[in-house]
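Examination of the molecular architecture
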Amino acid sequence: MDMTYSQRLSFLYALSFNELRQSQGDQPNTDLDDYAPLDAATYLACYITFKAIQQAERSPADERIENFDMLSVYQAYAMLVYTYLTLPLGEEGIEPEFDQAAITIAKSLFSALSNEELVEIVESGNRKYQLIGDAEQEHWMDYREDLDKTVVAFIVAGTDENAPFDQDDIIPLLGALLSMLCEAFSS
């Protein structure tokens, strides 16, 4: 089956969501029209960031107390992932909703935090995201390119049965990229 990029996002979202539904005893929903591509991108940005945090063996709960600013690094990372998930959607005339995605991502990743803390994380994360996006140093350009390729590989691994790798093969790369970002903002 030949799929558009938006259909790939929706398909991957449907697979993930239906896995959760089945674990709760509910019936899966296989109608891809019920899974909007931007909702899929937002969900997948959270999922990928969560997996990267686990892979990097980081603890947002501890960092909330010991190094609160690190939570905004996770937010910036998730927004970078969202950017690379949504970039190809422009070819299909679908424009990302960065402001809404930033809020949804923060609420999803840091659900136990107060609204004031979430606002601080989103604002600080947006500043970091902007710094990374505007940076012209070679290492930041390489970082953005590597993250873009890794996110695309994750989508391909999840939606192409002929992919030479699985999503589980990509998770360590995503964790390493998150670790690099955390290290850069720890200095």
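The coordinates are above.
Report follows, based on the coordinates. None of the values given here were measured: they were computed from a predicted structure. (Residues numbered from 1 in each chain as written. Predicted model: local features only at pLDDT ≥ 70, side-chain atom pairs only at ≥ 80, totals over all residues. Heavy atoms only, no water.)

A separate point is the pattern of salt bridges. Inspection of every chain in the model, using the stated rule, returns four salt bridges. A salt bridge links Glu63 to Arg58, with the nearest nitrogen and oxygen atoms 2.6 Å apart. Look at Glu63 and you get buried, because its relative accessible area is 10%. (Salt bridge = Lys/Arg side-chain N within 4 Å of Asp/Glu carboxyl O. Buried < 20%, exposed > 50% of the residue type's maximum accessible area, 1.4 Å probe, protein only.)

Moving on: unusual backbone geometry. Positive phi values are uncommon outside glycine, yet Glu57 reaches one of about 55°. Looking at where Glu57 falls in the secondary structure, it is placed in the loop between α2 (37-55) and α3 (60-66). (Helix = DSSP H or I, 4+ residues; strand = E, 2+ residues; numbered from the N terminus.)

Time to look at the layout of surface pockets. Its volume calculated, the second largest pocket comes out at about 200 Å³. Taken together, Phe50, Ile53, Gln54, Pro60, Ala61, Arg64, Leu71, Leu109, Phe110, Ser111, Ala112 and Leu113 make up the full set of residues lining the second largest pocket. Among the elements of the structure, α2 and α3 are those that each provide at least two residues to the lining of the second largest pocket. In the lining of the second largest pocket, the residues fall into nine nonpolar, two polar and one charged. (1 Å grid on protein atoms, 1.4 Å probe; cavity = no way out; pocket = protein on both sides within 12 Å on 5 of 7 lines; lining within 4 Å. Points joined across faces, edges and corners; volume = space filled by probe spheres on them. Nonpolar A, V, L, I, M, F, W, Y, C, P; charged D, E, K, R; others polar.)

Attention now goes to the nonpolar core. If you look at the biggest cluster of nonpolar residues, it comprises 58 residues, and the most contacted ones within it are Leu9, Tyr77, Leu85, Ile105, Phe110, Leu147 and Leu174. Elements with a minimum of two residues in this core: α1 (5-23), α2, α4 (69-86), α5 (98-109), α6 (115-134), α7 (138-159) and α8 (167-186). The dominant element in this core, judged by the number of residues it contributes, is α4, at 13 residues. Not counting chain neighbours up to four residues away, the residues in contact with Leu9 comprise Pro37, Ala40, Ala41, Leu44, Leu85, Leu89 and Ile155. (Core = buried A, V, L, I, M, F, W, Y, C linked by side-chain atoms within 4.5 Å. Contact = heavy atoms within 4.5 Å.)

Everything listed here is a matter of geometry and, on its own, says nothing about what the molecule does.
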